[in-house]
Structure formats: C-alpha cells, structure tokens
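If you want the building blocks of each chain, they are given just below.
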Amino acid sequence: MSSAAFVIISIFTLAAALAAATLRKLMHAALSFAVALVGIAAFFFLLGAEFVGLALVFIYIGAVAVLIVFTILLTRRHAGKDRGFNWSGVAIAVAVFGGLTWSIVKTQSLSIVAPHVPALTVKRIGQALMTSYVWPLQCVGLLLTAALIGALVLVMEEKR
Amino acid sequence: MSKSIDQAFVHAKQWLLSWLAGSPGWVVQVASILINIFMLLAVFLTLFALISVLERKILARMQNRYGPNRVGPFGLFQPIADGIKMLIKEDIVPARADKIVHFLAPVLIAAVAILTLGVIPYGRNMTPFTIDGGILFFFAVGSATELAVFMAGWGSNNKFSMLGAMRAIAQMFSYELPLIISVLPVVMVVGSLTPDRIVAAQAGYTFGLVPRWFAFTPWGAAAFILFSVSGLVESNRTPFDVPEGESEIVAGHMTEYSGFKYATFFMAEYIGMFAVSGLATTLFLGGWHAPARILEIIPSYVWFLVKLGALLFVYIWVRGTLPRTRIDQMMNFAWKFMLPMAFTCIVAAAVWHYASRGLRGWLWSLVVIAVVYTALSILLDTKRKFAPRVYRFAE
C-alpha cells in the first residue's frame, strides 16, 4: 500500500516540478512549484513525520509561495511574458545532480531497511526544541525579528 | 440508554463496516475514510443551505422586514431555489482571463475549507481524522486560502479582482498572526496539539458547578474573543469585508465569477466560518462537553451543534449590527492591539499555570490581562482629535 502511494506521490511531485521548470508563463510555473511542495509534504506524511510535512505546507505554501507570486506580480511589467531558455540553470541543475549522485554513491553504509525509530510526535519535537536546542531556536528567532524590523525600516521611508 | 444515543453514529458506522468483514485491511480503511468524508459533506452542506436562509431571515428581522418567505413554509426551501438558479446561470469566463487559474481558484478555496473541517471533534469518539498535530493541520491547510484568493484575483485579469485579492491577502496575513497566537495558550496549558486531548482537558466542573472550559478563565476569555474576531476577519465577512467592498471595487476577487463558481466561493466562505467556529468551540467552549452535569444525558454531538449555532448566530448578529471598517483602521487594530493582547494571553496562561490553576491563578492572570489592556488603551489613544490625516506608503 505504502509503496503504491510512494509511486503515485513521486509521479505527482515530479510532474509538478517539471511543469514548474518548463511552463512558459512565470506565474503558472510559480503555482506548479507550490503543487510540487504539496507532493513533498505528502512524502513526509508517508514517512510518519507529520510535523515536518505540516510545517512545510504552512511555511512554503502559506508564506513562501504567496511571496514568490507577489514578487512576480510586483516586479514584472508583463507577468505573462514568455521566458527564454536559461542555459546557466541547466548547468546548475546538472552540477547539483552530479554532486548528489557522487555523494550518494560514495556513502558507505547505505542501508535500505529503515532503522527502528520511535514515532516522531509533535510533543517530542517541542521538548527537543525547548531543552537541548533552545539556544539555536532563540538565535533564529532574534535573526528573524531583526530581518522583520529591517524590512519595515526599508519600507517606512517617508516622502517629505 | 443515553449512552447508546450518544454513540449512535459511531455504532452505525461500525455496523456499515461490518458488511466488509473478511475483506483485506486496506479496503476497510478506505471505506471508513469514505464514510467519514460522506458524513462531513452531507452534514455541512445541509448546514450551509440552512444557514444561508436563516442568515437572511435573521438579518431581515434585525432590519425590520420579512426576508425570504415565498418558497416553501417560512421560505425554508429558498436554498433549493437558489441552488437551481446558480446551476442554470451562464458561466462567464473573461476572454483575457487565465482560463486554468481562473477555473482552479474556486476549486482550491472550497477544497481547503472542507479539509479544515476534518480535524474537529464533533462528539464523543467522533473525530473524522485523528492526527497528532490536528490544530497545526487546521492552520497549515487554511493558509492555502491566501494562494487561492490570489489565484482568483490574478486569473481574472481585472483590476478590481487584483485589488480585492491584495486587500484580502493583506488582511488575512495580518489577522492570521493573532488567530494562531491566541490558540497557543490553550496548546501550552493542555500540552498537546491534538483536538481530542484539548477537549478531554476541559472535562469536569469546578465546585461541581462551573464547567472547566477555557473560556471561563481570564486568559481563555481574552483569547476566545481575539480568536473569534480574527476568525471573523479570516472569513471575510461584514464588518471586515473590505476585500469585496461593493461600493469601491465591485466584488473584489469574485468580480469575474458567475453562476456556480460564484456559489462555490460563497460556500467556501460559509464552510470556513463553520470551521473557525467549530475550532473556537473545541478550543475554548469545551468542545462537545455539556455545560452542567445534569444535562449530560443529551448526546455530545447535540451540544457541539448548539455551541456552533450560538457562535454562528453571533457572527450573523455582528453582520447585521456593524458597518464596514476602513482598511487602515483594521490593520492598525491587528498590529497594535490584537497582536500584543494575544502575546499577553500566553503570559497570563503561564501565570495561571504556575499559580496552581486555582482561584489565585485566576485572579493573577486577570490582573495581567487587565494591566496590559489598560496600558494599551492609554498608549493607543492618540489624543489628536481633528488633525489632518498623515499618509504613509511604500515607495
């Protein structure tokens, strides 16, 4: 059952990702990117990592996708204009793929059988974040607050 | 006797599933999921039809007129007539619109609204889909509404649609923050993101009389009010219907929609309202628990529906009473008042917890909330009575 679900979700995600890379209109590409993220969230659900999947949906679809779509809307004169073929993108994609393949092939202990781990509940993640990882969490919070205030200051400049 | 009525739906489902005894496990699993989905859709689409006519009746009563009274007894068959009208209307798609995005926007917005209904406990053992982070699921899925609204506004290729969508997204983003942060005190006190656990934590009575609902603690009451107001904004209803202000931008992101697609938007708005009210009931009003021990003979799902109905009535009442707010007033209110108050609720809940959750904690958390509320009221009172308005805008 779960392997069938894996195949279906893979096809769905790959199709959406391909659409995001190849569609002529930039806005369509951005929306298919959001669909691909739904597929990745579904993978996390399939693996039993509910929290990570939900956080992915929350952050990437609720915020990042809307941000991308707005950026396209506000910066482009013709949001529907065709985009040309981008050779540097191909080069980067091939480089990333090659690097990943190399590191996967080089890895010594590639165990296919999943090790037995206790279910990753939201409660355990919360406890880990609030005890052993409290300092990184606070630092990230501080950084994000600074970024937020910085963005506000950039925008708030008034005309006199 | 009362126990068997309480579990009637659960037993009915088990009886239906017993027909499948002997078939492989995944068939039973899929059948169980399908029954849940079917029941959810049946109940909430009926409720949508009922509320759409009741709302018109109640609004009419508040405005001293009759309201719909021609179709069926007391106009109760009005939704059927409306549905037929919407179905046979011409579906107009603008020539310059983005056909696919224009079509997908109402589908996505309705799907998201229905998905959020899945995690709410409607009665004892009556949660359609029990997942570990149910509350998180509700907000994660709900946040896709903004993308759907943007798709509607952009896909229509119309300036009114785009303006409406931008307003809608601005207000939904701003009020999503107090909406989620006002849930955090409950999650903190219960120590779980599962709706069933949150409802279970509100069982029992203080002094054998007052139910232990979170709405009866100072932090819970404040968070409940913040949550309800933010929920009202999220569902884009009067007095917060700036995105579809018909006097300024026709109908906002729904300008270019007609016929059944418009009806889908309408349905999504109502189902979103049911979902937010249902979650407010679960979080603050004790879910399906009865308000007194003697009333526990009445089945749990009836209590849930009564509380849901009360909240919906308040939403309709507010719509019939208040005029539309201005967009800058709304934004100021969200960032300067709602957000600090939501954070205060977290502190007050912590105070309540560490003062042993008794009468002392109750009073101390009341003090925290009262102090912050008064301070905010004094700080935000600008004292400028009739000054020329200062415009602030991004360059």
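This text goes with the structure placed above it.
For clarity, every value in this text was computed on a predicted model and none was experimentally measured.

So, the overall build of chain A
Next, step 1: Secondary structure assignment for chain A yields six helices and zero strands.
Next, step 2: Overall, chain A shows an N-to-C arrangement of helices and strands of α-α-α-α-α-α.
Next, step 3: Within chain A, the fraction of its 160 residues that count as buried is 14%.

Some details on the overall build of chain B
Next, step 1: A count of helical and extended segments in chain B gives 16 helices and two strands.
Next, step 2: The C-alpha atoms of chain B give 23 Å as radius of gyration, which agrees with the globular expectation for 395 residues (21 Å, within 12%).
Next, step 3: For the C-alpha atoms alone, the extent of chain B along its principal axes is close to 60 × 60 × 45 Å.
Next, step 4: In chain B, which comprises 395 residues, the proportion classed as buried is 40%.
Next, step 5: Long-range pairs, those at least 24 residues apart, make up 76% of the contacts in chain B with a sequence separation of at least 6.

Observations concerning the packing of helix H11 (residues 218–234) of chain B against helix H13 (residues 259–284) of chain B
All names here are of chain B.
Next, step 1: Two elements in contact, H11 and H13, have axes separated by 10 Å at closest approach and are oriented at 170°. Taken as axis vectors, H11 and H13 run roughly antiparallel relative to one another. Only Gly272, Val276, Ala280 and Phe284 of H13 make contact with H11, whose side of the interface consists of Gly220, Ala223, Phe224, Phe227, Ser228, Gly231 and Glu234.
Next, step 2: Taken together, the residues that form the contact of H11 with H13 break down as six nonpolar, four polar and one charged.

Thoughts on the interface of chain B and chain A
How big an interface is tends to be stated in terms of the accessible area lost upon association of its parts.
Next, step 1: Listed as interface residues are 23 residues of chain B and, on the opposing side, 21 residues of chain A.
Next, step 2: At the level of secondary structure, the elements contributing two or more residues to the side of chain B that touches chain A comprise helix H6 (134–142) and helix H7 (144–155) of chain B.

A short note on the environment of Gly123(B)
Residue and element names in this part refer to chain B.
Next, step 1: As for its placement among the helices and strands, Gly123 is situated in the loop between helix H5 (99–116) and H6.
Next, step 2: The sequence separation of Gly123 and Ser300 amounts to 177 residues, and the corresponding C-alpha distance is 5.0 Å.
Next, step 3: Setting aside its immediate chain neighbours within four residues, Gly123 contacts Trp288, Pro299, Ser300, Tyr301 and Phe304.

Focus on unusual backbone geometry
All names here are of chain B.
Next, step 1: Backbone geometry places Asn64, a non-glycine residue, at a positive phi of 60°.
Next, step 2: With respect to the helices, strands and loops of the structure, Asn64 is situated in the loop between helix H3 (25–62) and helix H4 (78–88).
Next, step 3: You will see that Asn157, though not glycine, has its phi angle at about 55°, which is positive.
Next, step 4: With respect to the secondary-structure elements, Asn157 resides in the loop between H7 and helix H8 (159–181).

A few points about helix H15 (residues 327–354) of chain B
Residues and elements named next belong to chain B.
Next, step 1: Here H15 contains 28 residues, and its C-alpha end-to-end distance of 40 Å stays within 8% of the 40 Å for a straight helix at 1.5 Å per residue.
Next, step 2: Listed in full, the buried residues belonging to H15 are Met330, Ala334, Met338, Met341, Ala342, Thr344, Cys345, Ala348, Ala349, Val351 and Trp352.
Next, step 3: Note on H15: the residue one or two positions beyond its end, Ser356, has a positive phi of about 60°.

Description of H5(B)
Next, step 1: Along its 18 residues, H5(B) runs 27 Å from first to last C-alpha, staying within 8% of the 26 Å computed at 1.5 Å per residue.
Next, step 2: In this structure, the buried side of H5(B) is in contact with helix H2 (26–46) of chain A together with H6, H7 and H13 of chain B.

Observations concerning the packing of helix H2 (residues 8–18) of chain B against H3(B)
Helix packing for two helices is described by the angle between their axes and how far apart those axes are.
Residue and element names in this part refer to chain B.
Next, step 1: At a minimum axis distance of 10 Å, the contact between H2 and H3 shows a crossing angle of 140°. With respect to their mutual orientation, H2 and H3 come out oblique. The crossing of H2 and H3 is right-handed. Facing H2, whose interface residues are Lys13, Leu16 and Leu17, H3 presents Val28, Ala31, Ser32 and Ile35.
Next, step 2: When grouped by side-chain class, the residues that make up the contact of H2 with H3 number five nonpolar, one polar and one charged.

With respect to the environment of Leu46(A)
Residues and elements named next belong to chain A.
Next, step 1: Note on placement: Leu46 falls in helix H2.
Next, step 2: For Leu46, a count of 14 C-beta atoms within 10 Å gives the class partly exposed.
Next, step 3: Residues in contact with Leu46, not counting those within four places in the same chain, are Ser2, Ala5, Phe6 and Ile9.

Re the environment of Pro195(B)
Residue and element names in this part refer to chain B.
Next, step 1: Looking at the secondary structure, you find Pro195 in helix H10 (residues 195–200).
Next, step 2: C-beta crowding within 10 Å serves as the criterion here: with 24 such atoms nearby, Pro195 is assigned to the buried category.
Next, step 3: Pro195 sits 68 residues away from Thr127 along the chain, and the two C-alpha atoms are 8.6 Å apart.
Next, step 4: Ignoring any residue separated from it by four or fewer positions in sequence, one finds Pro195 in contact with Val119, Ile120, Pro121, Thr127, Gly134, Ile135 and Thr282.

Quick notes on the rules
- Residues numbered from 1 in each chain as written.
- Chains lettered and ligands numbered in written order.
- Predicted model: local features only at pLDDT ≥ 70, side-chain atom pairs only at ≥ 80, totals over all residues.
- Helix = DSSP H or I, 4+ residues; strand = E, 2+ residues; numbered from the N terminus.
- Buried ≥ 20, exposed ≤ 12 C-beta atoms within 10 Å, placed from the backbone.
- Rg over C-alpha atoms; globule rule 2.2 N^0.38 Å.
- Contact = placed C-beta atoms within 7 Å.
- Axes fitted to C-alpha atoms, helices over the stretch in contact; angles between N-to-C directions.
- Parallel < 35°, antiparallel > 145°, perpendicular 65-115°, else oblique.
- Nonpolar A, V, L, I, M, F, W, Y, C, P; charged D, E, K, R; others polar.
- Expected span 1.5 Å × (residues − 1).
- Left-handed = near helix turned anticlockwise from the far one by under 90°.

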